[in-house]
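# Examining the three-dimensional arrangement
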Amino acid sequence: MRPPRKLRQARERDVDVVVIGGGVNGTGVARDAAMRGLRVALFERNDLAFGASGNSSGMIHGGVRYLRTDPEVTQTSCRDSGHIQAIAPHLLFRIPFLLPFPSRKSWLFPLVDAYFEAYDRYQPLKRGKPHTRLTPDELRELEPGIVGDLCGGISFDEWGIDGARLCTANAVDARERGAKLFVGVTVERVERGPDGEVEAVRYRDRHDGRVGRLTTASVVNATGAWAPITASLGDVAPTAARVRPGKGIHVVFDRRLTNYAVMSETIDGRSIFIEPWQNMSVIGTTDDDYYGDLDDVVANSEEVRYLVEGLAKVFPAIRQGRIIGTTAGVRPTLYEYGKLEDELSREHAIVDHAEHGADGMYSMLGGKLASFRLFAQEMVDVLARRFDLSRTCTTHLTALPGGDEEVDAFRLSGELDIDAIAARRLVYRHGSRAWRIGEQMKRDPRQRRTVCVCEPVLEAEVRYVIEHEMARSVSAVSRRTRLGLGACGGMRCVARCGTLLAEQRGMSPLAGMRDAMQFMTRQARTRVCGLGPQQARQEALCIAQLRSQIGIVAKPSLAAVPERLPVDGDSETEVTTMSPAREAGAPQDGGQGD
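Note that residues are indexed from 1 along each chain, following the sequence as it is written. Where totals are concerned, whole chains, interfaces and linings use all residues; where local detail is concerned, this predicted model gives features only for residues with pLDDT of at least 70, and gives and counts side-chain atom pairs only at 80 or more. As a convention, hydrogens and water are excluded, and side-chain values are obtained from all of the structure's heavy atoms.

### Some remarks on the nonpolar core
Note the cut-off: Side-chain atoms within 4.5 Å are what join buried Ala, Val, Leu, Ile, Met, Phe, Trp, Tyr and Cys residues into a set we call a nonpolar core. Residue burial is assigned from relative accessible area. The probe radius is 1.4 Å, only protein chains are included, and a residue is buried under 20% of its type maximum, exposed over 50%, and partly exposed in between. An automatic or database domain assignment supplies the start and end points of every domain. Should any heavy atoms of two residues lie within 4.5 Å, those residues are considered in contact.
In terms of nonpolar packing, the biggest core is built from 43 residues, with Phe97, Phe116, Phe156, Ile161 and Leu166 touching the most fellow members. The residue makeup of this core includes at least three contributed by each of domain 1 (5-52 + 165-241 + 346-386) and domain 2 (92-161 + 244-342). Those residues in contact with leucine 166, other than ones at most four positions away along the chain, are Val24, Leu91, Ile161, Leu369, Phe372 and Leu400.

See the structure below:
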């Protein structure tokens with residue numbers, strides 16, 4: 001059967017569609033388009049899930065708080081949650097929520113109960129359990145740490161997910177269906193012909209500086225908060241793809257402090273929560289307009305204090321918890337002027353830039369992690385009409401890599417002779433493809449060794465994500481495996497990971513160590529805003545000791561040769577190697593050098 005005429009014309013070019021952006025929307029579009037027979041190229045300038053997708057609350061939730069103002073968002077989120085559970089069952093885990101209700105607002109309690117009754121209508125779409133009305137004693141029996149003068153509470157449930165793993169699974173599936181993936185490669189120009197139609201993209205590899213050109217019949221701008229900047233690459237006015245970037249941060253604790261997620265209010269009345277997330281606890285989230293560098297978003301101490309104090313109202317034990325890090329991302333919220341940040345719509349929109357003279361260029365604006373698949377489907381439906389394609393979307397019916405069958409973690413542990421917890425974490429991240437990693441261990445038993453004790457992460461998994469999941473740095477390995485994100489902050493594992501990275505990618509051992517220290521520097525920046533004075537001093541000492549052990553120092557001096565090294569974003573960190581004089585024991589600069 002011959003392809004439709006428009007598609008045959010497009011086939012004169014290298015690809016049919018270029019997708020810019022490796023977040024959940026971009027990888028979702030790449031997968032859907034590849035499944036429908038389009039030739040796809042995806043460009044991500046930093047790393048998969050570098051932005052909001054990898055720094056979210058880690059939930060595919062139904063959006064209960066949007067029910068009042070955006071019921072359509074709640075419905076689509078719940079429906080897509082059900083689809084995501086079907087195609088990636090290994091990645092989801094249930095998170096039950098508790099909503100304590102203060103006695104001073106007791107008159108509102110029946111109304112809130114009725115509100116959740118309305119939400120229950122959407123629960124079957126995401127296999128959720130109906131809400132339950134609780135007494136104060138029942139609340140404290142479920143979660144003894146809850147305090148305050150309460151008239152009761154509400155229980156409901158949502159689903160947790162690792163956003164970085166979700167992006168990776170979509171990207172891997174797209175590549176296995178023929179898509180070309182360029183990770184760490186930035187698009188510098190979208191070329192248009194005399195009639196304004198998209199013709200090609202020019203790109204540059206940020207690791208080795210190589211440049212190239214790829215002809216295409218269409219371009220999808222799926223860069224989230226970067227959307228106005230990306231649109232301007234094709235001579236489209238940034239205002240044509242305008243969003244209102246909203247910064248959200250989360251504070252990470254070293255263990256599960258609660259059995260249930262608990263909701264609270266901040267001093268200005270915003271809803272926040274603490275959730276047990278995998279093997280740690282997370283509190284979030286802020287929602288503030290953001291005007292800074294999108295490639296270098298970090299939390300600050302005021303934001304951390306804002307969240308901790310808000311949670312301490314109902315769960316004071318949070319003050320005794322040990323903070324081990326923060327995450328920060330920027331939501332690409334649809335632009336509206338005048339509204340408070342948390343009142344903005346979480347709806348999504350597709351902008352066809354043909355109306356701006358750039359035929360074949362599209363921008364995806366807004367959206368949520370919970371409804372990414374539907375958003376991608378709508379975008380590829382637009383492309384299908386452009387190319388006269390009759391094939392419909394099947395992403396809700398086709399399992400993502402690893403989601404095709406259930407794996408018994410205890411069986412995996414026994415057959416591979418590895419720790420049961422390591423096997424369980426391996427199954428969570430990779431599903432049925434954990435057996436592929438197991439085959440590596442059978443061929444080389446040394447790959448059973450534990451690299452990251454906190455998570456834990458095995459050597460075989462580190463090698464696997466470098467070879468099969470496009471991990472080009474220690475930071476990328478961390479996003480795919482959670483290596484270095486536990487209580488030790490990476491101090492026990494990054495050096496070994498840097499060695500494996502160098503070995504797998506043909507780099508020099510020194511280059512691997514430099515990359516490891518870049519990761520450590522970045523992680524230190526995410527932690528410092530949540531540390532007390534004693535913990536901060538101890539951390540500075542530990543990092544300085546690690547640098548000296550592996551031969552990397554923080555500050556350039558007369559006895560060291562500096563080298564500029566690119567990190568995941570545009571910002572660069574100056575890292576230097578130790579000179580023979582320093583290795584012999586000459587005096588060294590102290591401190592972190594950040």
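Now that the structure has been shown, we can carry on.
### A closer look at the sheet that holds strand 8 (residues 185-192)
Definition in use: We treat two strands as partners when DSSP finds at least two bridges between them. Secondary structure elements are defined from DSSP: runs of H or I of at least 4 residues count as helices, runs of E of at least 2 residues count as strands, and each element is numbered from the N terminus. Every axis in this analysis is a line fitted to C-alpha atoms, fitted for helices over the stretch in contact. Angles between the N-to-C directions lie between 0 and 180 degrees.
Judged by pairing direction, the sheet is antiparallel, and its three strands sit side by side in the order 8-9-10 without closing on themselves. Sheet topology places strand 8 and strand 10 (211-215) at the edges, where each strand pairs with a single neighbour. Averaged over all pairs of adjacent strands, the angle between strand axes in this sheet comes to 25°, irrespective of strand direction. Strand direction decides the pairing type here: strand 8 and strand 9 (residues 198-205), joined by seven bridges, are antiparallel. Among the inter-strand pairings, valine 187 is bridged to a residue of strand 9, identified as tyrosine 203.

### Concerning the packing of aromatic side chains
To keep it simple, the criterion reads: What counts as a ring pair is set by centres within 6.5 Å for rings of Phe, Tyr and Trp (its six-membered ring), and what kind of pair is set by the plane angle: stacked under 30 degrees, edge-to-face over 60, tilted for all other angles. Only when the NZ atom of a Lys or the CZ atom of an Arg is both within 6 Å of the ring centre and within 35 degrees of the ring normal do we say a charge sits over the ring.
For the coordinates displayed, the defined rule picks out 12 aromatic pairs. With 5.2 Å between their ring centres and 15° between their planes, phenylalanine 97 and phenylalanine 156 make a pair best called stacked. Taken as a pair, phenylalanine 97 in strand 4 (residues 93-102) and phenylalanine 156 in strand 6 (residues 150-160) lie far apart in primary sequence, 59 residues in all. Judged by relative accessible area, which is 4%, phenylalanine 97 ranks as buried. Ring centres of phenylalanine 101 and phenylalanine 109 lie 5.2 Å apart, and the angle between their planes is 25°; this geometry places the pair in the stacked category. Here phenylalanine 109 falls in the buried class, since its relative accessible area comes to 4%. By the ring-pair criterion, three or more aromatic residues cluster together here, those being Phe97, Tyr115, Phe116, Tyr119, Phe156 and Phe273. When the ring centre of tyrosine 335 is taken as reference, the NZ or CZ atom of arginine 242 above it lies at 3.9 Å.

### Considering empty space enclosed by the protein
Selection rule: Cavities and pockets are defined on a 1 Å grid built over the protein atoms alone: a cavity is a set of grid points where a 1.4 Å probe fits but cannot escape, while a pocket is an open set with protein on both sides within 12 Å along at least five of seven lines, and lining residues are those with an atom within 4 Å of any such point. Grid points are joined across faces, edges and corners, and a volume is the space filled by probe spheres set on the points. Nonpolar residues are Ala, Val, Leu, Ile, Met, Phe, Trp, Tyr, Cys and Pro. Charged residues are Asp, Glu, Lys and Arg, and all others, Gly as well, are polar.
Counted according to the given criterion, the structure contains one cavity of 30 Å³ or more. Roughly 30 Å³ of internal volume is contained in the largest cavity. As for the largest cavity, its lining consists of Gly28, Arg31, Asp32, Asn170, Phe372, Arg373, Ala376 and Thr395. Where the lining of the largest cavity is concerned, the elements lending two or more residues are helix 2 (24-35) and helix 9 (372-386). Partitioned by chemical class, the residues of the lining of the largest cavity number two nonpolar, three polar and three charged.

### Topic: unusual backbone geometry
Between glycine 284 and threonine 285 the backbone carries a cis peptide bond, its omega angle lying at -5°. Mapped onto the elements of the fold, threonine 285 is located in the loop between strand 15 (280-284) and strand 16 (288-289). Its identity as a non-glycine residue notwithstanding, alanine 49 has a phi of 65°, on the positive side. Inspection of the secondary structure assignment puts alanine 49 in the loop between strand 2 (40-44) and strand 3 (59-60). Positive phi values are uncommon outside glycine, yet glutamine 278 reaches one of about 50°.

### Focus: the sheet that holds strand 1 (residues 17-20)
Pairing in this open sheet of six strands is mixed, and the strands run 7-2-1-11-19-18 from one edge to the other. The open sheet is flanked by strand 7 (180-183) and strand 18 (348-352), the only strands paired with a single partner. Across the sheet, the mean angle separating the axes of adjacent strands is 15° when strand polarity is ignored. As paired strands, strand 11 (residues 219-221) and strand 19 (residues 361-366) are joined by three bridges and run parallel to one another. Its bridge partner lying in strand 19, valine 219 is registered against methionine 361. Relative to the sheet, helix 2 contacts strand 1, strand 2 and strand 19, its axis offset from that of strand 2 by approximately 170°.

### Looking at the confidence of the model for the protein
Should pLDDT be low for a region, the predicted coordinates there are not to be read in detail. The cut-off we apply is this: The quantity known as pLDDT measures the predictor's confidence residue by residue, on a range of 0 to 100.
Per-residue pLDDT for the protein averages 89, and the proportion of residues at 70 or more is 91%. pLDDT under 50 marks residues 555-567. Its contacts with residues more than four places away, or in other chains, come to 34 contacts. Here residues 569-594 is modelled with pLDDT under 50, and outside its nearest four sequence neighbours on either side it reaches 67 contacts, counting other chains as well.

### A short note on helix 11 (residues 420-430)
How we decide: Whenever a nitrogen or oxygen atom comes within 3.5 Å of another N or O atom, the pair is scored as a polar contact, on the condition that within protein one atom can donate a hydrogen and the other can accept it, and that pairs from neighbouring residues in sequence are kept only if both atoms are in side chains.
For helix 11, a buried count of eight out of 11 residues is recorded, marking the element as mostly surrounded by other parts of the structure. Within helix 11, burial applies to Ala422, Ala423, Arg425, Leu426, Val427, Tyr428, Arg429 and His430. Its side-chain oxygen placed 2.9 Å from the backbone nitrogen of isoleucine 421, aspartate 419 serves as the N-cap of helix 11. Downstream of helix 11 by one or two residues, glycine 431 has phi in the positive range, about 60°.

### Some remarks on the domain arrangement of the protein
A common way to express how large an interface is: the accessible area buried when the components associate. Going by this rule: Throughout, the accessible surface (probe 1.4 Å) given up by two parts as they are put together, summed over both, is called the buried area. In the sections that follow, a salt bridge refers to a side-chain nitrogen of Lys or Arg positioned within 4 Å of a carboxyl oxygen of Asp or Glu.
What the domain assignment lists for the protein is domain 1 (5-52 + 165-241 + 346-386), domain 2 (92-161 + 244-342) and domain 3 (409-549). Placing the centre of domain 1 and that of domain 3 at their C-alpha centroids yields a distance of 31 Å. Taken together, the contact pairs 16 residues of domain 1 with 11 residues of domain 3. Counting each side, the surface lost to burial between domain 1 and domain 3 is near 1,200 Å², with a carbon and sulfur contribution of 44%. Three residues, Asp47, Arg165 and Arg175, lead the burial of domain 1 against domain 3; their summed loss comes to 45% of the area buried on that side. Where domain 1 meets domain 3, there are five salt bridges.

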